[in-house]
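Results of the structural survey
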Amino acid sequence: MTKILHRQIHASLPVAVGGQGVNLLDADGRSYIDASGGAAVSCLGHGHPDVSAAMHAQADRIAYAHTSFFTNEPAEKLADRLVAGAPQGISHAYFVSGGSEAIEAALKMARQYFVETGQPQRRNIIARRQSYHGNTLGALATGGNEMRRTQFRPLLIETHHIDPCYAYRFQEPGESDESYAARAAQALEDKVLELGPKTVMAFVAEPVVGATAGAVPPVADYLKRIRAICDRHGILLILDEVMCGMGRTGTLHACEQDGVAPDLMTVAKGLGGGYQPIGAVLLSQKIFEAFANGSGLFQHGHTYICHPMACAAALAVQEVIERDDLLANVRAMGAHLSRRLGERFGNHAHVGDIRGRGLFMGVELVEDRSTKAPFDPKLKLHAKVKREAMARGLMVYPGGGTIDGVHGDHVLIAPPFIIDAATIDAVVERLGDAIDAAVAV
Ligand code: PMP
């Protein structure tokens with residue numbers, strides 16, 4: 001019996017023993033197509049020899065050096081690379097061990113920015129419902145996934161939530177994208193005015209919503225309008241690209257496609273591709289200057305920030321993505337995946353919506369297509385889809401069962417950037433069989 005506390009206490013999980021490219025292998029010799037990159041992590045697939053070589057080389061040099069004594073080469077190079085490829089205004093990177101840590105650091109940077117610049121009354125965080133920003137307490141308070149928050153509510157800092165930009169659920173019939181974008185963004189301004197503009201510190205959003213809703217992109221101009229509202233009221237815009245960033249949508253950062261630059265951005269999963277635990281906050285020059293001209297330090301830190309092994313692995317992952325022009329493959333294979341999903345599920349009785357960008361696609365399952373009524377959360381349909389998919393040698397990332405009554409179950413598909421068309425065809429075929437089997441019971 002396992003001595004590990006797994007998320008599902010009684011689940012008996014297969015033992016992963018190997019992986020090559022888009023496939024994972026278990027101890028019984030079964031092979032699985034990793035069509036979700038774990039949780040949208042494994043962007044380069046498994047067992048990449050160049051990443052492995054870089055990690056070995058770094059382990060031979062120096063595995064760990066505390067940042068109060070030293071900086072290190074891979075961290076410096078990774079920061080240079082990230083800043084060079086970042087949206088306008090971003091000037092520095094802060095390396096942590098994952099997505100939740102990145103969100104915690106970004107929230108504290110926002111708070112310290114206002115303390116340093118003489119606006120200590122700014123403390124309110126506004127985020128969105130149906131969002132996920134992590135499981136540590138600050139990140140959990142910021143996220144809008146009710147199922148994950150409910151029992152921990154007494155421990156959470158006060159935050160404020162507005163509806164997300166989620167066309168399938170919230171755009172009215174006949175409403176143009178333009179007026180929906182205006183209406184969805186207006187929810188932010190209304191909340192800011194309600195709280196008092198000078199009390200608001202930051203607005204936090206995933207440009208393309210991942211874990212909680214299943215690859216929901218914003219409609220055109222929504223994020224531009226959000227940016228304008230933040231600017232009008234002096235509020236920092238924190239974009240959480242932990243899941244949708246680092247190439248997953250076909251551009252290095254998802255927000256590039258919306259023509260928007262944040263004040264702070266969090267990245268993680270695709271940064272290290274799962275080879276090492278790593279996340280980062282990318283911060284703008286104005287925040288850096290506030291710290292530099294103020295107290296001279298960011299009042300934060302963890303033992304493993306700028307970890308040399310983690311940074312070396314991430315650097316190698318990012319170099320391979322650029323060298324092999326894998327974002328071009330994300331765009332081409334994303335279009336292929338989108339087409340195939342449309343063919344297989346476009347008329348499916350229990351698929352209400354197919355959406356996403358690049359190799360970040362979501363399929364929303366509904367009990368009734370015409371009313372968009374979700375399945376009863378008690379059925380845990382997403383868990384059934386996952387089991388049926390695993391039985392067919394397919395890893396996808398289903399979610400749902402939120403208790404907000406708005407949205408039901410979805411399946412997230414986020415394969416490695418190296419996937420080819422024939423493998424995508426196999427993914428869609430197996431997923432179709434898995435969904436049919438899950439809804440039949
Ligand atoms: N933000 C987003 C958008 C995420 O998808 C996740 C992880 N699913 C996190 C933050 C938290 O990241 P981690 O699990 O690495 O702490």
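Within each chain, residue numbers correspond to sequence positions counted from 1 in written order. Whole-chain, interface and lining totals are the exception, using all residues; otherwise, since this is a predicted model, local features are given only for residues with pLDDT of at least 70 and side-chain atom pairs are given and counted only at 80 or more. To get the side-chain values, all heavy atoms of the structure are used, and hydrogens and water are removed first.

Operational definition: UniProt positions are given in the numbering used here, feature names are shortened, and annotations may be inferred rather than shown by experiment.
As recorded by an unreviewed UniProt entry, the protein carries the name Aspartate aminotransferase family protein and is attributed to Mesorhizobium alhagi CCNWXJ12-2. The record held by UniProt for the protein lists under Sequence similarities (unreviewed entry) the comment "Belongs to the class-III pyridoxal-phosphate-dependent aminotransferase family." In the Cofactor (unreviewed entry) part of its UniProt record, the protein is described as follows: "pyridoxal 5'-phosphate".

**Regarding the environment of N145**
The following threshold applies: Only runs of H or I of at least four residues qualify as helices and only runs of E of at least two qualify as strands under DSSP, and these elements are numbered from the N terminus. The buried label goes to any residue with under 20% of its type's maximum accessible area, the exposed label to any with over 50%, and the partly exposed label to all in between, with areas taken from a 1.4 Å probe on protein chains only. Any pair of nitrogen or oxygen atoms within 3.5 Å is treated as a polar contact; in protein, a donor-acceptor pairing is required on top of that, and neighbouring residues in sequence qualify only through side-chain atoms on both sides.
Assignment of secondary structure puts N145 in the loop between α5 (137-142) and α6 (146-149). Under the relative-accessibility criterion, N145 is labelled buried at 6%. Taking the C-alpha atoms as reference points, N145 and L5, 140 residues apart in sequence, are found 23 Å from one another. In this structure the side chain of N145 is engaged in a polar contact, spanning 3.1 Å, whose partner is the backbone nitrogen of M147.

**Considering the packing of aromatic side chains**
Just so we agree on the cut-off: Two aromatic rings, drawn from Phe, Tyr or Trp (for Trp, its six-membered ring), form a pair once their centres lie within 6.5 Å of each other, and the interplanar angle then sorts them: stacked below 30 degrees, edge-to-face above 60, tilted otherwise. Geometrically, a charge over a ring is one whose NZ (Lys) or CZ (Arg) sits within 6 Å of the ring centre while staying within 35 degrees of the ring normal.
Counted under the stated rule, the structure contains 5 aromatic pairs. Look at Y94 and F298: their rings are 5.3 Å apart centre to centre, the planes differ by 75°, and that puts the pair in the edge-to-face class. With a gap of 204 residues between them, Y94 in strand β4 (residues 90-96) and F298 in the loop between α11 (285-293) and α12 (308-323) connect regions that are remote in the sequence. Ring geometry for Y166 against F170: centres 6.0 Å apart, planes inclined by 75°, an arrangement best described as edge-to-face. By relative accessible area, which is 19% here, F170 ends up buried. Three or more aromatic residues link up through ring pairs in this structure, and these residues are Y94, F291 and F298. Sitting over the face of the ring of Y168, K372 holds its NZ or CZ atom 4.4 Å from the ring centroid.

**Description of the sheet that holds strand β14 (residues 397-399)**
The condition is simple: A pair of strands is labelled paired if DSSP reports no fewer than 2 bridges between them. The axes used here are C-alpha line fits, helices contributing only the stretch in contact, and every angle between their N-to-C directions lies in the interval 0 to 180 degrees.
Overall, antiparallel pairing links the 4 strands, which are arranged β11-β12-β15-β14 in an open sheet. Each edge of the sheet is formed by a strand with only one pairing partner; in this case those strands are β11 (351-357) and β14. Across the sheet, the mean angle from the axis of one strand to that of its neighbour is 20°, orientation sign disregarded. Pairing geometry for β11 and strand β12 (residues 360-365), over 6 bridges, is antiparallel. For I354, the partnering residue across the bridge sits in β12 and is V363.

**Quick look at α11**
As a reminder of what qualifies: Throughout, the arc means that of the directions going from the helix axis to the C-beta atoms. Throughout, a residue-residue contact means that at least one pair of heavy atoms, one from each residue, lies within 4.5 Å.
Of the residues making up α11, those classed as buried are I287, A290 and F291. Along the long axis of α11, the arc covered by the buried residues comes to 95°, so they all point the same way. In this fold, the buried residues of α11 make contact with α4 (99-116), β8 (236-240), β9 (264-267) and β10 (279-284).

**Describing a nonpolar patch on the surface**
For the record, the criterion: Patch rule: a residue counts if its relative accessible area is over 30% and it has no salt bridge; like charges are joined within 9 Å, and nonpolar side chains (Val, Leu, Ile, Met, Phe, Trp, Tyr) within 5 Å. Residue burial considers only the protein chains on display, and all accessible areas are found by Shrake-Rupley using a 1.4 Å probe. Think of a salt bridge as a Lys or Arg side-chain nitrogen and an Asp or Glu carboxyl oxygen that are within 4 Å of each other.
Together, V15, V17 and L25 line one region of the surface with nonpolar side chains, adding up to about 260 Å² of accessible area. By secondary structure assignment, the location of V15 is in the segment before β1 (16-20). Judged by its relative accessible area of 52%, V15 is exposed.

**Points about the nonpolar core**
As a reminder of what qualifies: Here, nonpolar core refers to any group of buried Ala, Val, Leu, Ile, Met, Phe, Trp, Tyr and Cys residues whose side-chain atoms link them within 4.5 Å.
L78, F95, L188, F203, Y222 and L271 are the most contacted members of the largest nonpolar core, which has 48 residues in total. Setting aside anything within four residues of it in sequence, one finds F95 in contact with A75, L78, A79, L82, I278, G279, A280, I305, C306 and C311. Counting 43 residues, the second-largest nonpolar core is a separate cluster that includes M309, V320, L359 and L381.

**Regarding the packing of α4 against α11**
Two numbers describe a pair of packed helices, the interaxial angle and the distance between the axes. What counts, and what does not: Here is the rule for angles: anything less than 35 degrees is roughly parallel, anything more than 145 is roughly antiparallel, 65 through 115 is roughly perpendicular, and the remaining ranges are oblique. Left-handed describes a crossing whose near helix is turned anticlockwise from the far helix by less than a right angle; the clockwise case is right-handed. All residues other than Ala, Val, Leu, Ile, Met, Phe, Trp, Tyr, Cys, Pro, Asp, Glu, Lys and Arg, Gly among them, are scored as polar; the first ten of these are nonpolar and the last four charged.
The interhelical angle for the contact between α4 and α11, taken along N-to-C directions, is 55°, at an axis separation of 9 Å. The angle between α4 and α11 places the two elements in the oblique class. α4 and α11 meet at a crossing whose hand is left-handed. Touching M109, Q112, Y113 and E116 of α4 are K286, I287, A290 and F291, all from α11. Looking at the contact of α4 with α11, its residues break down into 5 nonpolar, 1 polar and 2 charged.

**Some thoughts on the pattern of salt bridges**
Per the counting criterion, the structure on display carries 21 salt bridges. Between R232 and E189 there is a salt bridge, with the nearest N and O atoms lying 2.7 Å from each other. Remark: E189 occurs in helix α8 (residues 177-195) and R232 occurs in helix α9 (residues 222-233); sequence separation between them is 43 residues. You can call E189 buried: its relative accessible area is 11%. Note that D436 and R344 form a salt bridge whose closest N and O atoms lie 2.8 Å from each other. Separated by 92 residues along the polypeptide, D436 in helix α15 (residues 421-440) and R344 in helix α13 (residues 326-345) bring together distant segments of the chain. Overlapping salt bridges, with partners in common, bring together R169, D353, R355 and E364 in one network.

**A short note on the site of the ligand**
As a reminder of what qualifies: Residues are labelled near a given molecule or strand when at least one of their non-hydrogen atoms is within 4 Å of it.
Contacts to the ligand come from G98, G99, S100, Y132, H133, G134, E206, D240, V242, M243 and K269. S100 is positioned with one of its side-chain polar atoms (N or O) 2.6 Å from an oxygen atom of the ligand. A distance of 2.7 Å is found between a nitrogen atom of the ligand and a side-chain nitrogen or oxygen belonging to D240. Summarising the interface, the protein chains cover 81% of the accessible area of the ligand, which totals 390 Å² for the free molecule.

**A short note on the side chain of R149**
Summarising the element assignment, R149 is placed in helix α6. With near-sequence residues (within four places) excluded, R149 lies in contact with L140, A141, T142, G143, G144, L156, T159 and H161.

**Remarks on the sheet that holds β9**
Strand order across the open sheet formed by 7 strands is β4-β10-β9-β8-β7-β5-β6, with mixed pairing between neighbours. Taken across any chain shown, the strands that pair with only one partner, and hence form the sheet edges, are β4 and β6 (160-162). Direction aside, neighbouring strands of the sheet carry axes that sit 20° apart on average. Across 3 bridges, strand β5 (residues 124-128) lies against strand β7 (residues 200-205) in parallel orientation. Each bridged residue has a counterpart across the sheet, and for I125 the counterpart in β7 is A202.

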